[in-house]
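# Architecture and fold: a report
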Amino acid sequence: MTQDELKQAVAKAAIEYVPDNCIVGVGTGSTANYFIDELARIKGRIDGAVASSEASAQRLKAHGIPVLDLNVVDELPVYVDGADEINHQLHMIKGGGAALTREKIVAAVAKQFICIADQSKLVDVLGTFPLPIEVIPMARSHVGREIVRLGGHPALREGVLTDNGNVIIDVHGMQIAQPVELEKQLDQIVGVVTNGLFAARRADVLLLGTAQGVRTYK
């Protein structure tokens, strides 16, 4: 199976976790896009969606799925999103699509976080994929110096602004053995909006696309 076929398979599997008559949290990225396309097939039995990015909101609207502001939603039973890396404890690195802050907000509200990914995303130790950090622009240099002190190699993601108007620093060269602790440490740096470690609020379920079919990890 191709990588795209694996992504489509896990997107289909995730539909089983969507209750009837609910608001669905929807992530950002290529795998999440497959989920949005699958969600369109059952749009008559959901009340709408909360999107973690403007791009996902536009794709949902194009399918005729109502998009709601998170502030008007009382309950979010499920959030479905991909990952750039995920370990066996279901801690993740996210933010390759620069939507990490909104993704983390929606994930925090959701009762259940379903991660959908192809088998290339499962790792023993996080950090091969550069860790994205959303930073207020005037703090870019300060945050970079603090990251160097922590042993990382920061690089500004050129030409990218988040939906919130901030910049992304990608941190290379870190093997992240303690993701919960590092997530908290990075968030304490002044000027950091949030970082791409989803460890304090990890996934509840991983649907992993493999050549042998979709595997479920909890």
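Residues numbered from 1 in each chain as written. Predicted model: local features only at pLDDT ≥ 70, side-chain atom pairs only at ≥ 80, totals over all residues. Heavy atoms only, no water.

## What about the overall build of the protein chain?
To be explicit about the condition: Working definition: helices are DSSP H or I runs of at least four residues, strands are E runs of at least two. Numbering for both runs from the N terminus. As defined in this context, the radius of gyration uses C-alpha atoms, and a globule is described by 2.2 Å times the residue total to the power 0.38. Partly exposed describes any residue whose relative accessible area lies between the buried limit of under 20% and the exposed limit of over 50%, with all areas from a 1.4 Å probe on protein chains only and scaled to the type maximum. Residue exposure ignores everything except the shown protein chains as possible cover, and the areas themselves are Shrake-Rupley values with a 1.4 Å probe.
A tally of regular secondary structure across the protein chain gives six helices and 13 strands. The C-alpha radius of gyration computed for the protein chain amounts to 17 Å, which stays within 12% of the reference 17 Å derived for 218 residues, consistent with globular compactness. For the protein chain, the spread of C-alpha atoms along the three principal axes comes to 50 × 40 × 30 Å. Per-residue burial for the protein chain yields a buried fraction of 52% across its 218 residues. Total accessible area on the protein chain stands at roughly 10,000 Å², and carbon and sulfur atoms take up 48% of it.

## Some words on the packing of helix H2 (residues 30-41) against helix H3 (residues 54-62)
Formally: Whenever a helix is involved, its axis is fitted only over the stretch in contact; in every case the axis is a line through C-alpha atoms, and angles between N-to-C directions fall within 0 to 180 degrees. Any angle that is under 35 degrees is reported as roughly parallel, and any over 145 degrees as roughly antiparallel; angles of 65 to 115 degrees are reported as roughly perpendicular and all others as oblique. Take the far helix as the reference: if the near one is turned anticlockwise from it by less than a right angle, the crossing is left-handed, and if turned clockwise, right-handed. Should any heavy atoms of two residues lie within 4.5 Å, those residues are considered in contact. When residues are sorted by character, Ala, Val, Leu, Ile, Met, Phe, Trp, Tyr, Cys and Pro go into the nonpolar class, Asp, Glu, Lys and Arg into the charged class, and all the rest, Gly among them, into the polar class.
Put simply, H2 and H3 touch, their axes get as near as 10 Å, and they point 25° apart. Between H2 and H3, the angle falls in the class roughly parallel. The handedness of the crossing between H2 and H3 comes out as right-handed. Counting all contacts with H2, which are made through Asn33, Ile36, Asp37 and Leu39, the residues of H3 involved are Ser56, Arg59 and Leu60. Classifying every residue of the contact of H2 with H3 gives three nonpolar, two polar and two charged.

## Structural notes on the layout of surface pockets
Put simply, the test is: Put plainly, a pocket is an open set of points on a 1 Å grid over the protein atoms alone with protein on both sides within 12 Å along at least five of seven lines, a cavity is a set where a 1.4 Å probe fits but cannot get out, and a lining residue has an atom within 4 Å of a point. Grid points are joined across faces, edges and corners, and a volume is the space filled by probe spheres set on the points.
Approximately 270 Å³ is the volume attributed to the largest pocket. Lining the largest pocket are 15 residues, and of these Val50, Ala51, Asp69, Leu70 and Arg102 sit closest to its centre. Among the elements of the structure, strand E2 (48-51), H3 and helix H4 (100-109) are those that each provide at least two residues to the lining of the largest pocket. Its residues assigned to classes, the lining of the largest pocket shows eight nonpolar, three polar and four charged. As a volume, the second largest pocket reaches approximately 200 Å³. Elements supplying a minimum of two residues to the lining of the second largest pocket: H2 and strand E6 (112-118). Of all the elements, H2 adds the most residues to the lining of the second largest pocket, at three residues. Per-class residue counts for the lining of the second largest pocket are four nonpolar, eight polar and six charged.

## Focus on unusual backbone geometry
Backbone geometry places asparagine 21, a non-glycine residue, at a positive phi of 55°. Along the polypeptide, asparagine 21 turns up in the loop between helix H1 (3-14) and strand E1 (23-26). In this structure, alanine 98 takes a positive phi of about 65° despite not being glycine. You can see alanine 98 is positioned in the loop between strand E5 (92-93) and H4.

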